[in-house]
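What the coordinates show
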Amino acid sequence: MVNDHVRRLGLVLGDQLSFDLSLFDELDPAHDALLMAEVREEASYVPHHPHKIVLVFSAMRHFAAALEARGWRVIYVRLDAVDNSGSLAGELRRWHAALGEPALHLTECGEWRVEESLRSTGLPLTWHADRRFLCSREAFAKWAGNRRQLRMELFYREMRKRTGLLLEPDGQPLGGSWNFDADNRKALPKGARGPFPARFGQDAITREVVALVGERFAGHYGRLEGFDYPVTHDEAQALWQHFLEFALPSFGDYQDAMAEGEPYLFHARISAALNIGLLDLRQLCADVENAHRRDRVPLNAAEGFIRQLIGWREYVRGIYWLRMPEYAALNAFGNRRSLPAFYWTGRTDMRCMAQAIGQTLELGYAHHIQRLMVTGNFALLAGIAPAAICEWYLAVYLDAFEWVELPNTLGMVMHADGGYLGSKPYCASGRYIQRMSDHCTNCRYNVERATEDDACPFNALYWHFLMRHRDRLGGNPRLAMVYRNLQRMADARVEALWQRGERLLAQLDAGEAL
């Protein structure tokens, strides 16, 4: 292409679909251009769920059209373009040369891998901070300082003070407490169900992308049919308003609950739209605070939701950019076991696992407790290699980008960073799942048993995990009571639990489903 007086070229990535990107401040639609590219490298570096690929490519195409309607010149490279180089770095080089070497402007990448690839091009790049987040990389690094452990609760309080969210006029937290997590762990009442989920039809653009993904990524994990997720800013707003009206009031009480046939319950399922730029963090927080101050939602619901956004989400991004790339290689327990095949098929007699994995196959979605305390808990107890389970989480969920997935999985789920992110492993027996769900009533395994052949595998694996890591975890004050209970057990009971755990792990090593 001949240089049509393009002075500057801005690269917009598939997870940067926001009209408020800071690079727009530096570019002029009259003289500059934007580059967007669908590339195979980004769609296949892990076997992404087809719904995720459809979401990103369709949202990109819709966003490009919206930018053009606002007067921008958009150079859009489709996946099936004959001259598509297949990588973001390749497309940036190609168009930089074709346009007469204009100045290049980029927003900070979400993933270290992508940013490293673009930096390694050797092209002169001007980088802009990603102001979709409240805490910059530099601000988080300053907060972290020389602390040996970084506690989310302390970071969250600083963010509340900085934003003024849910504060009294004197700067104290509404309700007299910074955190109402203790009020957010109720089991779902029998027969209770969440609101009917908001669903969005496929327009011509999305149908075209669905066909493309079916042709190019047929071997990827998950179901292609049934995609109904928002792909535009307006649709994402509609999903958000649906949550505010119908689900947020009960979100606080039941955010940890699980139920058969209820993948969403009272969850917003807006994280994928937020992570790719279709929603604005500041607006979401303001809407939730306003809903509480107008007595539309209880404080525990408002605080719990805002904590996930300005506390946990900003916190894990900060840790990711503070510790990469070495963070990805951490493996404190030295785990080496392969990921069981049933993570990719859902074929297991463990009802809770089959439910969580089955809905993931279908929807590319599971809420945080299903990820942390079911599929993640099992991986922790079974000693799965962190890299294997991290790749699985990155591949299977619509909202999974490495900056948010890696600290959550490697640090929170697997405790593979040795406690840098979390003060203790989030391990639990089947009793926790029984308390927070109705899965156990329909399971082949008996949650009341631990050592028998029909006993819930979580029970023996829980104690086996604690036994084999006693040297590392025995001094953890948050596990002191658990280890005292283990110490009081009869020797025969301890041996039976150990042997049951050994048999279960041997089954996994033999490739057998549980």
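Quantities reported herein were computed from a predicted structural model and do not represent experimental measurements.

What follows deals with helix α19 (residues 457-468). The end-to-end C-alpha separation of α19 is 16 Å, in line with the 16 Å expected for twelve residues at 1.5 Å each. Extensive coverage of α19 is indicated by the burial of eleven of its twelve residues. Along α19, the positions that sit buried rather than exposed are Pro457, Phe458, Asn459, Ala460, Leu461, Tyr462, Trp463, His464, Phe465, Leu466 and Met467. Next to the buried residues of α19 lie α14 (351-363), α15 (368-382), α18 (430-436), α20 (470-473), α21 (480-488) and α22 (491-509).

The next point concerns the sheet that holds strand β3 (residues 73-77). Across the sheet, which stays open at both edges, the five strands sit in the order β3-β2-β1-β4-β5 with parallel pairing between neighbours. The two strands at the open ends of the sheet, each matched to only one other strand, are β3 and β5 (125-128). Here the average twist between neighbouring strands, direction ignored, is 25°. Note: strand β1 (residues 8-11) against strand β4 (residues 103-107), four bridges, orientation parallel. Across the sheet, residue Leu11 finds its bridge partner in β4, namely Leu106. In the packing of helix α2 (residues 50-69) onto the sheet, contacts are made with β2 (33-37) and β3, and the angle to β3 comes to roughly 160°. Strands in contact with helix α4 (residues 112-119) are β1, β4 and β5; relative to β5, the strand with the most contacts, it is inclined by about 150°.

The next subject is the packing of aromatic side chains. In the structure shown here, the tally under the stated rule is 28 aromatic pairs. Ring geometry for Phe243 versus Phe305: centroids 5.0 Å apart, planes at 35°, classification tilted. Remark: Phe305 occurs in helix α12 (residues 299-323) and Phe243 occurs in helix α8 (residues 233-246); sequence separation between them is 62 residues. No difference in accessibility class separates Phe243 from Phe305, as the two residues are buried. Judged by centre distance (5.1 Å) and plane angle (55°), the ring pair of Tyr264 and Tyr365 falls under tilted.

Moving on, we come to the side chain of His51. Its location among the elements puts His51 in helix α2. Filtering out sequence-adjacent residues up to four positions away, His51 remains in contact with Arg223, Leu224, Glu225, Gly226, Phe227, Glu362, Leu363 and Leu398.

Counting across every chain of the model gives 33 salt bridges. Salt bridges sharing common partners tie together Glu108, Glu115, Arg119, Arg137 and Arg317.

Okay, the nonpolar core next. In terms of nonpolar packing, the biggest core is built from 164 residues, with Phe305, Tyr315, Tyr343, Met353, Phe378 and Trp392 touching the most fellow members. No other element matches α12, which puts 13 residues into this core. When sequence neighbours within four positions are dropped, the list of residues in contact with Tyr343 reads Tyr221, Met353, Ile357, Thr375, Phe378, Ala379, Ile389 and Trp392. Of all hydrophobic cores here, the second largest spans 21 residues; its members include Leu11, Trp95, Leu104 and Cys109.

Attention shifts here to the pairing of β4. Taking burial as the measure, the five residues of β4 include four buried ones, the bulk of the element. Inspection of the sheet shows β4 paired to β5 by four bridges, in the parallel sense. In the sheet register, His105 faces β5, and the bridge partner there is Thr126. Taken together, β4, α4 and β5 constitute a β-α-β crossover, and its handedness is right-handed.

Mapped onto the elements of the fold, Asp399 is located in the loop between α16 (386-396) and α17 (402-413). Taking the relative accessible area as the measure of exposure, Asp399 reaches 12% and is therefore buried. A sequence separation of 123 residues divides Asp399 from Ile276, and the C-alpha atoms of the two residues are 8.3 Å apart. Among all residues touching Asp399, those that are not within four sequence positions of it are Ser271, Ala272, Asn275, Arg371 and Val404.

The next thing to look at is the packing of α14 against α15. Packed helix pairs are characterised by how far apart their axes lie and by the angle those axes make with each other. Following both chains from N to C, one finds α14 and α15 inclined at 115°, their axes separated by 10 Å at the closest point. Of the possible angle classes, the one that applies to α14 and α15 is roughly perpendicular. Once α14 is placed against α15, the crossing between them reads as left-handed. In this structure, α14 uses Cys352, Met353, Ala356, Ile357 and Gln359 to contact α15, whose residues at the interface are Gln370, Val374, Thr375 and Phe378. A breakdown of the residues in the contact of α14 with α15 according to their chemical character gives six nonpolar, three polar and no charged.

Before going further, it helps to spend a moment on the side chain of Thr360. Assignment of secondary structure puts Thr360 in helix α14. Here Thr360 falls in the buried class, since its relative accessible area comes to 0%. A polar atom in the side chain of Thr360 sits 2.7 Å from the backbone oxygen of Ala356. Engagement of the side chain of Thr360 in a polar contact is seen with the side chain of Tyr397, the distance being 3.0 Å. Beyond its immediate sequence surroundings of up to four residues, Thr360 is in contact with His49, Tyr221, Tyr365, Ala366, Val396 and Tyr397.

Partitioning the protein chain into structural domains gives domain 1 (8-128), domain 2 (137-200 + 219-322) and domain 3 (341-510). Its C-alpha centre places domain 1 at a distance of 39 Å from the equivalent point of domain 3. Listed as interface residues are 13 residues of domain 1 and, on the opposing side, 16 residues of domain 3. Approximately 1,100 Å² of surface area, both sides summed, lies buried where domain 1 meets domain 3, with 63% of it carried by carbon and sulfur atoms. The largest contributions to the domain 1 side of the interface with domain 3 come from His49, Lys52 and Glu111, which together make up 43% of the buried area. The tally of links from domain 1 across to domain 3 stands at zero salt bridges. Looking at the side of domain 1 that touches domain 3 element by element, the count peaks at four residues for α2.

Here is what the cut-offs are and how they apply
- Residues numbered from 1 in each chain as written.
- Predicted model: local features only at pLDDT ≥ 70, side-chain atom pairs only at ≥ 80, totals over all residues.
- Heavy atoms only, no water.
- Helix = DSSP H or I, 4+ residues; strand = E, 2+ residues; numbered from the N terminus.
- Expected span 1.5 Å × (residues − 1).
- Buried < 20%, exposed > 50% of the residue type's maximum accessible area, 1.4 Å probe, protein only.
- Contact = heavy atoms within 4.5 Å.
- Pairing = 2+ DSSP bridges.
- Axes fitted to C-alpha atoms, helices over the stretch in contact; angles between N-to-C directions.
- Phe/Tyr/Trp six-rings, centres within 6.5 Å; stacked < 30°, edge-to-face > 60°.
- Salt bridge = Lys/Arg side-chain N within 4 Å of Asp/Glu carboxyl O.
- Core = buried A, V, L, I, M, F, W, Y, C linked by side-chain atoms within 4.5 Å.
- Right-handed = clockwise from strand over helix to strand, strands pointing away.
- Parallel < 35°, antiparallel > 145°, perpendicular 65-115°, else oblique.
- Left-handed = near helix turned anticlockwise from the far one by under 90°.
- Nonpolar A, V, L, I, M, F, W, Y, C, P; charged D, E, K, R; others polar.
- Polar contact = N/O pair within 3.5 Å; in protein donor to acceptor, adjacent residues only side chain to side chain.
- Domains from an automatic or database assignment.
- Buried area = accessible area lost by both parts, 1.4 Å probe.

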